[in-house]
Amino acid sequence: MKTISENRAFGGVQGVYSHASEACGCDMTFGLFLPEEAEHEPVPLIWFLSGLTCTHENAMTKAGAQGWAAQQGVGLVFPDTSPRGAAVANDDAYDLGQGAGFYVNATETPWAPHFRMWDYVTDELPRVLFNAFPLDEGRQAITGHSMGGHGALTIAMSFPGRFRSVSAFAPIAHPTASDWGRKQFTAYLGTDESKWAAHDATLLLRKRGFDGPMLIDQGTSDQFLDLLKPEALAEAIASSRQNATLRMQKGYDHSYYFISTFMEDHIGFHAEALYA
């Protein structure tokens, strides 16, 4: 693993690191914030999965999360959203290819050799983190934005007992019924729609739910509201009797201004579960 940078922040350290990924077949970069407490003992970890077009850097620099994490004594990891490099398949569209991994393992040409973000985020990167840094594997939470909110919700529900809490900012809530989902799932997973269901938060909620608390924030002025489909997630929360809070935030859009406004709430929400 290579250290790209380490900067003092809020008494802790914001680092950026890269490593050779077996899952993705390329070098991958991630950001990791460790609070001051990590100098003495392992700390809980919150995952932040970013959205379309983002790298590890967007939430790390725009979400305003480190100060709140430092107050709560928790770590934050910011993975990249896809494999990258000249040898990695790409597309001219912003919502497919590099920057748009959708947190799935691709099975179709030309994506299959590198686009294995599910394995990367759920298996390989955790092994890297817990082997190299003072993090408490038994206390994890997960959140994300947009495509990353989709990833956070589906991963949390697919690994019972791993995450004590899950939250999301404007998640792609029902991708099998949205152009943000159907396009990418067809490209990455093929035309057999039965293979898509494992990556749809609304369908997973109806089927199994999450074994902990859930918090969702969605802006009412989000320019992508029709693609995100929060109403489907709300229906699934109600029908499955999920322990969840879904807040429609009046006037907020899809931007990091929205995320940074409510980041304190989300960090506090996760800290309560992590320190319970």
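Please read these numbers as outputs of a predicted model, since none were measured by experiment.

Draft legend 1. Region of interest: the overall build of the protein chain. Per the secondary structure count, the protein chain includes 9 helices and 9 strands. Taken against the 2.2 N^0.38 rule, which gives 19 Å for 276 residues, the C-alpha radius of gyration of the protein chain at 17 Å falls within 12% of a compact globule. Burial status across the protein chain gives 59% buried among its 276 residues. Pairs at least 24 residues apart make up 73% of the contacts formed inside the protein chain by residues separated by at least 6 positions. Of the roughly 11,000 Å² that the protein chain leaves accessible, carbon and sulfur atoms contribute 48%. Averaging the coordinates of the 19 positive side-chain charges in the protein chain and doing the same for the 32 negative ones gives two points 4 Å apart.

Draft legend 2. Here's a closer look at the packing of aromatic side chains. Tallied over the entire structure, the rule returns 16 aromatic pairs. With centroids separated by 5.6 Å and ring planes inclined at 20°, the aromatic side chains of Phe 115 and Tyr 188 adopt a geometry described as stacked. In this pair, Phe 115 sits in the loop between strand S5 (75-79) and helix H3 (117-132) while Tyr 188 sits in helix H5 (residues 179-189), placing the two residues 73 residues apart along the sequence. Like Phe 115, the residue Tyr 188 is buried in the burial classification. Measuring from ring centre to ring centre gives 6.1 Å for Phe 169 and Phe 258, while their planes differ by 85°; the resulting arrangement is edge-to-face. Remark: Phe 258 occurs in helix H9 (residues 256-274) and Phe 169 occurs in strand S7 (residues 163-169); sequence separation between them is 89 residues. Judged by its relative accessible area of 0%, Phe 258 is buried. Cluster of aromatic residues (ring-pair linked, three or more members): Phe 48, Phe 78, Phe 169, Tyr 252, Phe 258 and Phe 262.

Draft legend 3. Structural context of empty space enclosed by the protein. Here the structure, examined in full by the defined rule, presents 1 cavity of 30 Å³ or more. The volume enclosed by the largest cavity comes to roughly 40 Å³. Lining the largest cavity, in full, are Trp 47, Val 121, Thr 122, Pro 126, Gln 140, Ile 142, Ile 155, Arg 162 and Phe 163. If you list the elements that add at least two residues to the lining of the largest cavity, you get H3 and strand S6 (135-144). Examining the composition of the lining of the largest cavity, we find that 3 residues originate from one element, H3, more than from any other. A per-class count over the lining of the largest cavity returns 6 nonpolar, 2 polar and 1 charged.

Draft legend 4. Representation of H5. Listing the buried residues of H5 in full gives Trp 180, Gly 181, Gln 184, Phe 185, Ala 187, Tyr 188 and Leu 189. The buried residues of H5 all sit within an arc of 165° when viewed along its axis, so they share a single face. Considering only its buried residues, H5 is in contact with helix H4 (147-158) and helix H7 (225-228). For H5, the capping residue at the N-terminal end is Ser 178, with a side-chain oxygen 3.0 Å from the backbone nitrogen of Trp 180.

Draft legend 5. Structural view of unusual backbone geometry. Between Thr 109 and the following residue, Pro 110, the backbone shows a cis peptide bond with an omega angle of 0°. Here Pro 110 is to be found in the loop between S5 and H3. A positive phi angle, close to 60°, is found at Phe 102, a residue other than glycine. For Phe 102, the position within the fold is in the loop between S5 and H3. You can call Phe 102 buried: its relative accessible area is 0%. A positive phi is found at Lys 229, a non-glycine position, where the angle reads about 60°. Structurally, Lys 229 can be placed in the loop between H7 and helix H8 (230-240). We classify Lys 229 as buried; its relative accessible area is 19%.

Draft legend 6. Broad picture of the sheet that holds strand S4 (residues 43-49). With respect to topology, 9 strands assemble into an open sheet ordered S1-S2-S3-S5-S4-S6-S7-S8-S9, the strand pairing being mixed. In this open sheet, the two strands that pair with only one neighbour each are strand S1 (2-9) and strand S9 (244-249). Strand-to-strand twist of the sheet, defined as the mean angle between neighbouring strand axes without regard to direction, takes the value 20°. Pairing of strand S3 (residues 26-34) with S5, which is carried by 4 bridges, proceeds in the antiparallel orientation. Along S5, the bridge assignment pairs Leu 32 with Val 77. With respect to the sheet, H9 is in contact with S4, S5, S6, S7, strand S8 (214-219) and S9, its orientation differing from that of S7 by roughly 170°.

Draft legend 7. Fine view of the pairing of S4. Counting buried residues along S4, 7 of its 7 residues qualify, which places the element largely inside the surrounding structure. When S4 meets S6, the two strands line up parallel, connected through 6 bridges. The residue of S6 that forms the bridge with Val 43 is Leu 135. Examined bridge by bridge, S4 and S5 share 3 bridges and lie parallel to one another. Note on S5: the bridge partner recorded for Ile 46 is Leu 76.

Conventions used here
Residues numbered from 1 in each chain as written. Predicted model: local features only at pLDDT ≥ 70, side-chain atom pairs only at ≥ 80, totals over all residues. Heavy atoms only, no water. Helix = DSSP H or I, 4+ residues; strand = E, 2+ residues; numbered from the N terminus. Rg over C-alpha atoms; globule rule 2.2 N^0.38 Å. Buried < 20%, exposed > 50% of the residue type's maximum accessible area, 1.4 Å probe, protein only. Contact = heavy atoms within 4.5 Å. Areas by Shrake-Rupley, 256 points an atom, 1.4 Å probe, with all protein chains shown as cover. Lys, Arg positive; Asp, Glu negative; His and termini not counted. Charge placed at Lys NZ, Arg CZ, Asp CG, Glu CD. Phe/Tyr/Trp six-rings, centres within 6.5 Å; stacked < 30°, edge-to-face > 60°. 1 Å grid on protein atoms, 1.4 Å probe; cavity = no way out; pocket = protein on both sides within 12 Å on 5 of 7 lines; lining within 4 Å. Points joined across faces, edges and corners; volume = space filled by probe spheres on them. Nonpolar A, V, L, I, M, F, W, Y, C, P; charged D, E, K, R; others polar. Arc of directions from axis to C-beta. Polar contact = N/O pair within 3.5 Å; in protein donor to acceptor, adjacent residues only side chain to side chain. Pairing = 2+ DSSP bridges. Axes fitted to C-alpha atoms, helices over the stretch in contact; angles between N-to-C directions.

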